[in-house]
Amino acid sequence: MEMWKLKNAVMEFSFFGRNVEEIPCFKSSFMTGILSGFGIGMAHFLATSRVKRSADFGFYSFITITLVYWTYCRYKWSKDRFIYRQIQSGLQKAAVLEGTEKDPNQTIKLDEA
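Each value, and the rule that gives it
Residues numbered from 1 in each chain as written. Predicted model: local features only at pLDDT ≥ 70, side-chain atom pairs only at ≥ 80, totals over all residues. Heavy atoms only, no water. 1 Å grid on protein atoms, 1.4 Å probe; cavity = no way out; pocket = protein on both sides within 12 Å on 5 of 7 lines; lining within 4 Å. Points joined across faces, edges and corners; volume = space filled by probe spheres on them. Helix = DSSP H or I, 4+ residues; strand = E, 2+ residues; numbered from the N terminus. Nonpolar A, V, L, I, M, F, W, Y, C, P; charged D, E, K, R; others polar. Disulfide = S-S within 2.5 Å.

J.: Kindly report on the layout of surface pockets, identifying the contributing residues and their values.
T.: The computed volume of the second largest pocket comes to approximately 160 Å³. If you go around the second largest pocket, the residues you meet are F26, S29, F30, F62, I63, T66, L67 and W70. Sorting elements by how many residues they give to the lining of the second largest pocket places helix α2 (residues 51–97) first, with 5 residues. A breakdown of the residues in the lining of the second largest pocket according to their chemical character gives 6 nonpolar, 2 polar and no charged.

J.: Outline the state of the cysteines, supporting the account with residue identities and numerical values.
T.: Counting across every chain of the model gives 1 disulfide. Between C25 and C73 runs a disulfide, and the two sulfur atoms are separated by 2.1 Å. Linking C25 and C73, the disulfide has an S-S dihedral of approximately -75° and is accordingly described as left-handed. One end of the pair, C25, is in the loop between β3 (18–19) and α1 (26–48); the other, C73, is in helix α2, and 48 residues separate them in sequence.

Given below as structure tokens:
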């Protein structure tokens, strides 16, 4: 299994056969988890001076924050995508019905005018 591919002079990382750059919310959640885990681990080390326990705190906080943030971001992304699809469907229906008798924006019927 080839994880790294060189395509158009850009290195691509694939995970389970899928390009990581195409996964929504992956980069932001991963970077947030890394920085938060590092910060929590360092803060715990400065407070207690215990290396192994601080590394454990940093690692577990990285895992937890990454999963929680990714779940929240994907939920928000799915909700926004659903709303955008509803709007797009409504606009397509409005474009089809524009100028016909079933046009919802038409207030005066042509027979009465």
